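# Structural overview for review
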Amino acid sequence: MSRILIEMKGICKEFPGVKAVQDGLFSLEEGEIHSLIGENGAGKSTLMKVLYGMYVPEEGSIAVKGETYPSLTPKQAIGLGIGMVHQEFMLVREMTVLENIILGFEPRRGGRIDRRAALEKIEYYADTYGLRVHPDKKVEEISVGEAQRVEIIKTLYRGAEILVLDEPTAVLTPQEAEQLFCILRSMKEGGKSIVFISHKLQEVLAISDRITVMRGGKHIATVAGSSTSAPELARLMVGREVFLGGSPVPAAKGDVALSVENIFVPGEKELSKLRGVSFSVRKGEILGIAGVNGNGQSELAEAIAGLRQVQRGRVVLGGAEVQNMPPRRIREHGLSHIPEDRNQRGLDRFSDVKENLAACSVSEPPLSSLGVIRWGKVREFAEGLIRSYDIRPAGADIEASGLSGGNAQKVVVAREVSRKAEVLLASQPTRGVDIGSIETIRNELNRAKEAGAAVVLISSDLEEILSLSDRIAVMFEGRITGEVDSSEADEEKLGLLMTGGGTHV
Amino acid sequence: MDGLNEILSLVFNATLVRSTIRAATPILYATLACVLTQQANILNIGIEGIMIFAAFAAVTTSYFAGSWVLGLLAAIITGVVVAAFMAFAHLKAKADIFVVGMGVNMLAIAMTRFLLQRTFGVSGSFHHNDIVPMPRLNFDFGGNALLDTLFNDYSLFEPVGIVLVFVLAFILYKTVWGLRLRSVGLNPLAAETAGINVTFRKFEVMLYSGVLGGIAGAHLSLGYSRMFVENMTNGRGFMGVAAMFFGGANPFWGWIGCLIFGFADSLGSRLQSLGLPSQFILMIPYVVTVVVLTLAMMRKKRAETARKSAI
Ligand SMILES: Nc1ncnc2c1ncn2[C@@H]1O[C@H](COP(=O)(O)OP(=O)(O)OP(=O)(O)O)[C@@H](O)[C@H]1O
Ligand SMILES: [Mg+2]
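Note that the structure is a prediction, hence the values are computed from the model and not measured.

About the criteria used
- Residues numbered from 1 in each chain as written.
- Chains lettered and ligands numbered in written order.
- Predicted model: local features only at pLDDT ≥ 70, side-chain atom pairs only at ≥ 80, totals over all residues.
- Heavy atoms only, no water.
- Helix = DSSP H or I, 4+ residues; strand = E, 2+ residues; numbered from the N terminus.
- Rg over C-alpha atoms; globule rule 2.2 N^0.38 Å.
- Buried < 20%, exposed > 50% of the residue type's maximum accessible area, 1.4 Å probe, protein only.
- Contact = heavy atoms within 4.5 Å.
- Near = heavy atom within 4 Å.
- Polar contact = N/O pair within 3.5 Å; in protein donor to acceptor, adjacent residues only side chain to side chain.
- Areas by Shrake-Rupley, 256 points an atom, 1.4 Å probe, with all protein chains shown as cover.
- Buried area = accessible area lost by both parts, 1.4 Å probe.
- Salt bridge = Lys/Arg side-chain N within 4 Å of Asp/Glu carboxyl O.
- Nonpolar A, V, L, I, M, F, W, Y, C, P; charged D, E, K, R; others polar.
- Patch = residues over 30% accessible without salt bridge, like charges linked within 9 Å, V, L, I, M, F, W, Y side chains within 5 Å.
- Phe/Tyr/Trp six-rings, centres within 6.5 Å; stacked < 30°, edge-to-face > 60°.
- Lys NZ or Arg CZ within 6 Å of the ring centre and 35° of its normal.
- Domains from an automatic or database assignment.

Attention now goes to the overall build of chain B. Tallying secondary structure elements over chain B gives 13 helices and four strands in all. For 311 residues, the compact-globule estimate of 2.2 N^0.38 gives 19 Å, and the C-alpha radius of gyration of chain B, at 20 Å, lies within 12% of that figure. Counting only C-alpha atoms, chain B reaches 65 × 50 × 40 Å along its principal axes. Put simply, chain B has 311 residues, and 49% of those count as buried. Put simply, 77% of the contacts in chain B that link residues at least 6 apart link residues at least 24 apart.

What follows is about the site of ligand 1. Residues and elements named next belong to chain A. In the vicinity of ligand 1 there are 21 residues, among which Asn40, Gly41, Lys44, Ser45 and Thr46 approach most closely. Backbone polar atom of Gly402 to an oxygen atom of ligand 1: 2.8 Å apart, as the coordinates give it. Contacts to ligand 1 include Ser404, whose side-chain N or O atom sits 3.1 Å from an oxygen atom. Taking 640 Å² as the accessible area of ligand 1 by itself, protein coverage stands at 85%. At the level of elements, β2 (18-29), α1 (44-51) and α14 (405-417) are the ones that each hand at least two residues to the shell around ligand 1.

Contact with chain A, which involves 34 residues of that partner, is made by 25 residues of chain B. Both faces considered, chain A and chain B share a buried interface measuring about 2700 Å² in area, 59% of it formed by carbon and sulfur atoms. Put simply, chain A and chain B have two salt bridges between them. In this structure, the connection of chain A to chain B is made through seven residue pairs in polar contact (both at pLDDT 80 or more). Mapped by element, the contributors of at least two residues to the side of chain A that touches chain B are α2 (74-79), α3 (97-102), β8 (112-113) and α11 (342-346) of chain A. Considering every element that reaches the side of chain A that touches chain B, the biggest residue donor is α2 of chain A, with three residues. Of the residues assigned to the side of chain A that touches chain B, the class counts are 16 nonpolar, four polar and 14 charged.

Residue and element names in this part refer to chain B. Residues Ile7, Leu274, Leu276, Phe280, Met283, Val287, Val291, Leu295 and Met298 make up a contiguous nonpolar surface patch of roughly 740 Å² in combined accessible area. Among the elements that take part in the nonpolar patch, helix α13 (residues 278-306) stands out by supplying six residues, more than any other. By the secondary structure assignment, Phe280 is in helix α13. Look at Phe280 and you get partly exposed, because its relative accessible area is 39%.

To continue, consider the packing of aromatic side chains. A full pass over the atoms with the stated rule returns 15 aromatic pairs over all chains. Plain terms: the ring middles of Phe64 of chain B and Phe120 of chain B are 5.9 Å apart, the flat faces sit at 10° to each other, and that makes the pair stacked. With Phe64 of chain B in helix α3 (residues 47-65) and Phe120 of chain B in helix α5 (residues 97-120), this residue pair connects regions lying 56 residues apart in the sequence. For Phe120 of chain B, a relative accessible area of 14% translates into the label buried. Taken together, Phe56, Tyr63, Phe64, Phe120, Phe126 and Phe228 of chain B form an aromatic cluster joined through their ring pairs. For the cation-ring pair, Arg312 of chain A lies above Phe264 of chain A, with the distance from its terminal atom to the ring centre recorded as 4.3 Å.

This paragraph deals with the pattern of salt bridges. If charged atoms from side chains of opposite charge come close, those side chains can pair. All names here are of chain A. All chains considered together, the criterion is met by 34 salt bridges over all chains. Ionic pairing is found between Asp136 and Arg115, a salt bridge with its closest N-O pair at 2.9 Å. Note that Asp136 is positioned in the loop between α4 (115-129) and α5 (144-157) and Arg115 in helix α4, a separation of 21 residues in sequence. Arg115 sits in the partly exposed class, given a relative accessible area of 39%. Between Lys188 and Asp209 there is a salt bridge, and its shortest N-O distance comes to 3.1 Å. Remark: Asp209 occurs in the loop between α7 (201-207) and β11 (210-215) and Lys188 occurs in helix α6 (residues 174-189); sequence separation between them is 21 residues. Since its relative accessible area comes to 29%, Lys188 is described here as partly exposed. The class for Asp209 is partly exposed, based on a relative accessible area of 25%. It is possible to trace a salt-bridge network through shared partners that takes in Asp352, Lys354, Arg379, Glu383 and Asp397.

What follows covers the domain arrangement of chain A. Residue and element names in this part refer to chain A. Split into domains, chain A comes out as domain 1 (1-74 + 193-239) and domain 2 (256-350 + 399-498). The C-alpha centroid of domain 2 is placed 34 Å from the C-alpha centroid of domain 1. Contacts between the two partners involve nine residues from domain 1, matched on the other side by nine residues from domain 2. Both sides of the domain 1 and domain 2 interface together cover about 610 Å² of buried area, and 60% of this is carbon and sulfur. The interface formed by domain 1 and domain 2 includes zero salt bridges. On the surface where domain 1 and domain 2 come into contact, there are two residue pairs in polar contact (both at pLDDT 80 or more). With three residues, the single largest contributor to the side of domain 1 that touches domain 2 is helix α8 (residues 230-238). Of the residues in the side of domain 1 that touches domain 2, the class split is four nonpolar, four polar and one charged.

Structure follows, in structure tokens:
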């Protein structure tokens with residue numbers, strides 16, 4: 001093909017106790033979309049952060065446009081035309097979109113910011129690549145999809161010709177992801193070169209010219225996008241055959257464990273985001289709640305878990321009314337909750353893994369007695385979970401902020417599922433998780449169900465909903481627009497309900 | 001009824017405006033110093049100590065050199081040196097800024113007491129006719145009593161402080177430098193990925209806060225008064241921190257906080273002259289500090305609940 005822009009060779013990067021990247025290898029050609037895939041913790045983000053100059057590698061060389069460097073700084077990387085959209089967005093929430101985009105590269109008149117010049121430039125990129133943003137809104141007021149477009153404009157604005165996108169689709173709805181692909185294709189046509197990190201193999205296959213697979217910090221293979229298949233990629237990533245999909249496992253159903261009766265719940269901007277939602281779940285079944293993100297699923301989960309006020313209606317858990325109780329009391333009534341945002345609600349990033357794993361059971365024996373924590377037992381308990389959920393690296397004392405996205409999620413799942421509560425409320429449990437771990441997490445949900453738990457599964461991944469749920473409820477604009485049995489459901493039917501078409505079935 | 005009116009007019013009159021500004025100014029400089037560092041996410045609790053050191057340097061230099069300009073300069077240099085030490089300990093040696101700040105505060109009280117003994121052979125306080133104070137600003141309003149009380153006889157750095165509020169606000173919110181500084185405080189990773197040197201920025205604003213702290217000290221000993229007294233800041237640095245919190249690190253709101261403190265202070269001294277118990281009066285600034293901080297925290301809390309779960 002054409003000229004080679006980037007050539008990374010023999011890259012090694014260690015963190016205390018972890019070899020994140022060993023002998024890393026990566027190259028990028030001009031005008032290609034090159035995907036980088038691998039399990040959680042495989043070292044994808046680390047390798048790309050080395051390229052962007054955020055980490056200094058212990059060994060290896062980085063060649064950019066023929067010039068070789070032992071390491072870079074972000075400033076140098078930007079100067080060489082490299083831009084990165086990080087897995088965790090690098091935006092200042094309190095500042096406006098415009099301020100975020102120009103930060104560090106402000107057009108000025110005197111010492112002042114030249115707003116007009118900035119706006120013109122932003123509009124140019126917005127128009128050229130179809131990146132719609134609101135320059136004067138604060139970042140905390142915009143949607144995740146828009147935040148991502150802001151990140152992309154930011155890199156373009158800084159003159160990037162090489163774009164690294166770290167799991168850009170993990171937080172997007174399918175529609176937003178489709179938009180993103182259009183943007184990426186038009187950028188490719190405009191001569192940009194793109195590194196795309198993702199766990200979703202279908203996406204990767206659809207968009208990539210080449211695909212590089214990493215496992216355990218090492219380079220495994222680089223293949224052409226046209227000559228490979230999802231099963232082959234999965235095998236390369238995980239090192240064994242992976243089985244996803246399938247259909248719900250049968251299990252004996254018991255009594256109703258959780259029922260939500262006609263609840264009204266306020267949202268961030270609307271007075272009632274949920275308007276009259278009702279459903280119930282029995283022991284031994286999984287109720288899937290499908291829908292395009294933002295139709296009230298987050299508010300529903302928060303309302304059940306006691307994190308958001310219920311204005312009208314009842315939530316009955318194990319025979320008791322629990323609406324508007326504090327979260328802890330609701331948990332005592334038999335709820336386990338995997339929150340959708342692991343960084344804000346699922347984990348304490350500054351505590352270590354064992355503290356996070358023990359957080360829900362530390363107040364009871366055997367982990368503590370008479371209010372005194374027995375750290376030996378806590379460690380034993382945590383190490384047991386780390387082993388059975390294959391959390392990597394397997395250290396009970398690692399700070400949670402040092403875990404890769406997928407392993408952080410496994411910590412949350414392990415803590416919540418292991419409590420064996422009567423009701424398990426799982427919000428987007430496999431978001432940003434690699435396929436090996438998706439398999440683990442889905443198996444755990446099935447196992448919880450077989451053990452007699454009532455499971456509510458909220459997910460924007462239709463395939464996930466279809467392969468796990470016994471019954472499926474679809475949410476649209478704060479209401480449940482339909483409930484179907486899994487035997488009658490297919491993507492088409494659900495898709496119709498998700499967009500408000502076809503009222504009750 | 002008449003008696004009450006008389007008391008009220010004794011307490012609330014044009015001179016109250018003056019004395020409020022007068023009492024607020026030393027706090028204002030401390031506030032602005034804290035606003036600057038807070039924008040880079042450094043809680044400059046050591047501003048109290050910086051002010052004490054600077055006040056001592058100002059008095060000593062003014063006394064020996066016979067010049068308030070040199071006194072001011074010495075105060076600023078002292079402030080910068082102390083701030084540089086704090087910045088070094090915090091940014092390079094990774095010490096907790098709160099611990100460093102409290103250390104500086106205690107050191108300042110003890111060391112100025114010691115130096116006061118050594119240099120002037122006095123303890124408690126030092127005043128002397130050779131201390132050259134800062135100049136006062138006087139205009140001719142043709143004898144208009146109201147204008148005279150409102151606009152005359154300010155010490156130089158009282159109006160300068162008010163101008164600084166506007167200058168600082170402009171710098172923070174309108175200039176490139178300010179944008180970058182705020183990004184350092186709000187999301188250091190975002191700043192770093194934009195190619196901004198976060199540590200360098202933090203060091204830089206610590207030095208500037210040393211300059212402001214130096215002015216605060218010099219104004220206290222050469223403008224607000226004309227002497228040095230042990231622990232003469234008497235919590236004004238801490239009130240500066242409180243006013244900064246009250247204002248959410250915004251210079252304007254911080255200034256409002258300072259005016260509340262200044263108002264409480266001057267109201268207190270009037271009430272004292274009316275015969276209220278002095279213990280009660282002495283309590284007022286601290287009660288106001290607690291109230292102001294509570295208000296500030298409530299505001300912050302409300303802002304936070306309003307924006308949870310955005311991204
Ligand atoms: N700042 C850090 N401190 C300590 N360890 C880290 C840090 N960043 C990453 N690691 C470790 O390095 C390894 C590689 O992490 P990395 O984030 O590169 O994985 P990844 O392939 O991007 O995974 P994911 O798909 O989950 O995002 C992991 O074991 C992780 O725990
Ligand atoms: Mg990653």
